[in-house]
Amino acid sequence: MSTTLTFTDPEADAAAIAAMSRDELTETGPDLLRESRKYEARTVLAAAALAERVFREHLADRPETGVWGSVVEHAERLGRAEVSLQFKVSRSKAGSWIALADLLKELPLIRAAYLNGELSTNRASIMARAAQRGSDTDTTDSASDSVDTGDESGDNEEMTFEEIVLDYGSRATTDPVLSQQLDAALISMNPDSVIEDRDTLTDLVGNVTITPDVAGHSALDAVVPAHYGVFLTTQIEALIDERTCRKDPRRVGPLRVIALGEITGVPGAHLDCQCGLADCAKGRPGDRNDSAETPADAEDAAAWDDLLPKPVDADAPDVELVEPVAEPDIPDPLDQPTPDEVPVAFGRALVVPGAPVLTVLKDPDGILVPRLQGYGPIDPDYATTLADVAKTIHYPESARAAGPLIPQISDRPQASPADPTGHGGHTVPPPGALTYAPSAKLRAEVLANDAWCRYPYCGMPSHLCDLDHWRPFNHTDPETGGWTVLGDLIPLCRADHQRKHLAEWVPTLLLDRRVEWRNRRTGQIIVTYPR
């Protein structure tokens, strides 16, 4: 920790930070974050202790026969409310703090890392919930709360699930990625318990709520099955791609709102490009089909068309028309006059034909955890239920040879660097190796091995990433550069792909597809892991 900071004079500290060099900031910043996490961890424990005191004081004078469910629940609410008032946080946050502290009582390793400033509160919560679920799973299958890691070195043949969770929590991943990795670990250990959790979530929290917000807006919140979310996401993104060009001045957020409205048939919701360019192909109505009809809507319309009178043949002889007799208009005394009704044209739900279909990645041997593309790991039972509505593809041999997720612990024997030539161990270029763009089959193989962008702390799904040649591809003489093969390709999101070419952090791909990122200035190394 830098000694130039006083922590008592805000202006002096702000000036000191502004005057620090890059190296000083690189050293001081992480230290400050670690210290702040230490304080927050102790704050959480103090909040839980206060809630416990209030709880016990409320029940202290009651006889045992006078303590039942509603009384206990009321005492717990009093504890949360007191934490909310004293710590100046919402009752929801107070409740999450108390729940985390309760979980950590049974998880000494995660608790120690949290108190030592190694984990944020959110990350500690993700890890504690997963460790609790894993502990419940372990005790149902064996007397030992441990998992075989597959390490043949003899040093780490068994790890408790809490140790596995701690290992994954120490990696350079985002919190959502960590959550998915721990879900995959749980599924591989006991898929039945995950099925129960999924059914419980559906019953307890599955819902769609729309509440009024400010300035003429509503807030939409939903908990839906994973494939619902993936379907809506792909539809929204496909409609934006179909209707707008990259020069549309709006942020992507408002575009998604309009796309959601049109997809769900909101009256008047229609997405058009607003780049203002006369030559914008996506903005010209004549270049696309503006119909918002689903295939079912089109069939209905055709059926109604069949019921309409056929057009009169222009060559048919004229037929004298008989004027119908007009019936007298007698008002109904029970029909009270009402204001003129304005017809409202409701929209129809839109299905974007070009949107990607739902795709499930499965292992025909049943060892690797299934994945729903665009979401993440799912249990085998869920994957089976999606068979009728999703395309199923199999893990490639390279991913199946790597084995299940759990044995991939960070302290297993260090793998050697990949072929430094970028040829992936090949002596003769395989088909497509000398072509810059990978084939669809090769791309699918890379994505099956790497579910996310391989840059540290990036959670971009790999199917939305570029495939980057670890050793640069030589466009002038392809045989001398990195080849387009699995052993020279890693997924990087567009921003991190550009960042990699700035060469401040230099990657080294290892044979087990771990990537070591080394800072050229300081020598610092950060490791990212496959899948």
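Up top you'll find the structure we're talking about.
Keep in mind that what you see is a predicted model, and the values were worked out from it rather than measured.

Enquirer: Got a minute to help me understand the overall build of the chain in this structure?
Expert: Scanning the chain from N- to C-terminus turns up 16 helices and 13 strands. Residues classed as buried in the chain amount to 36% of the 531 residues present. Within the chain, counting contacts between residues at least 6 apart in sequence, those at least 24 apart form 64% of the total. By element, 55% of the accessible surface of the chain is carried by carbon and sulfur atoms, the whole surface being about 32200 Å².

Enquirer: Just to check I follow, could you spell out the nonpolar core for this structure?
Expert: Within soluble globular proteins, side chains that are nonpolar tend to cluster in buried spots. Ranked by internal contacts, the top residues of the largest apolar core, which has 39 residues, are Ile 110, Tyr 114, Leu 119, Met 127, Phe 161, Val 165 and Leu 182. Breaking this core down by element, the ones donating at least two residues are helix H2 (22-59), helix H4 (91-104), helix H5 (108-115), helix H6 (121-141), helix H7 (161-169) and helix H8 (175-189). At seven residues, the largest contribution of residues to this core is made by H4. Counting residues in hydrophobic clusters, the runner-up holds 15 residues, among them Cys 458, Ile 490, Leu 509 and Val 515.

Enquirer: Got a minute to help me understand the pairing of strand E4 (residues 218-223) in this structure?
Expert: Taken residue by residue, a regular strand's side chains alternate between the two faces of the sheet. Counting buried residues along E4, only zero of its six residues qualify, which leaves the element largely exposed. Direction of pairing for strand E3 (residues 207-212) relative to E4: antiparallel, over a ladder of six bridges. Opposite Asn 207, over in E4, you have Val 223 as the bridge partner.

Enquirer: Which parts of the structure should I look at to understand the pairing of strand E10 (residues 489-492)?
Expert: Residues Leu 489 and Pro 491 point to one face of E10 and Ile 490 and Leu 492 to the other, with burial holding for every one of them. Here strand E9 (residues 466-469) runs beside E10; their pairing, made up of four bridges, is antiparallel. Bridging from a neighbouring strand, His 469 pairs with Leu 489 of E10.

Enquirer: What exactly am I supposed to notice about the sheet that holds strand E5 (residues 359-362) here?
Expert: Strands belonging to one sheet form pairs held by backbone hydrogen bonds; the direction of such a pair is parallel or antiparallel. Within the open sheet, the four strands sit side by side as E7-E6-E5-E8. Their pairing is mixed. Of all strands in the sheet, those with a lone pairing partner are strand E7 (376-377) and strand E8 (391-394), marking the two edges. Of the strand pairs in this sheet, E5 and strand E6 (residues 371-372) are connected by two bridges, and their pairing is antiparallel. Of the residues in E6, the one forming a bridge with Leu 361 is Arg 371.

Enquirer: What should I look at first to understand the pattern of salt bridges in this one?
Expert: As a working rule, side chains carrying opposite charge can pair if their charged atoms are close by. For the structure shown, the criterion picks out 27 salt bridges. Where Lys 38 meets Glu 35, a salt bridge forms, and the shortest distance between an N and an O atom there is 3.3 Å. Here the residue Lys 38 and the residue Glu 35 both occupy positions in helix H2, the gap between them amounting to three residues, near one helical turn. A salt bridge links Asp 175 to Arg 123; the nearest nitrogen and oxygen atoms lie 2.7 Å apart. With Asp 175 in helix H8 and Arg 123 in helix H6, this residue pair connects regions lying 52 residues apart in the sequence. The class for Arg 123 is buried, based on a relative accessible area of 7%.

What counts, and at which threshold
Counting from 1, residues in each chain are numbered in the order their sequence is written. For a predicted model such as this one, the threshold for reporting local features is a pLDDT of at least 70, and the threshold for listing and counting side-chain atom pairs is 80 or more; totals across whole chains, interfaces and linings nevertheless cover every residue. Note that water and hydrogens are dropped before the side-chain values are worked out from all heavy atoms of the structure. By the criteria applied, helices consist of DSSP H or I runs no shorter than four residues and strands consist of E runs no shorter than two, each listed in order from the N terminus. Working definition: with a 1.4 Å probe on protein chains only, accessible area under 20% of the residue-type maximum means buried, over 50% means exposed, and in between means partly exposed. We call two residues contacting when some pair of their heavy atoms lies within 4.5 Å. Areas reported here follow the Shrake-Rupley algorithm with a probe of radius 1.4 Å; residue values treat only the protein chains shown as occluding. Among buried residues, those of type Ala, Val, Leu, Ile, Met, Phe, Trp, Tyr and Cys that are joined through side-chain atoms within 4.5 Å constitute a nonpolar core. Two strands are said to pair when DSSP picks up at least two bridges between them. Salt bridges are defined as contacts in which a side-chain nitrogen from Lys or Arg sits within 4 Å of a carboxyl oxygen from Asp or Glu.

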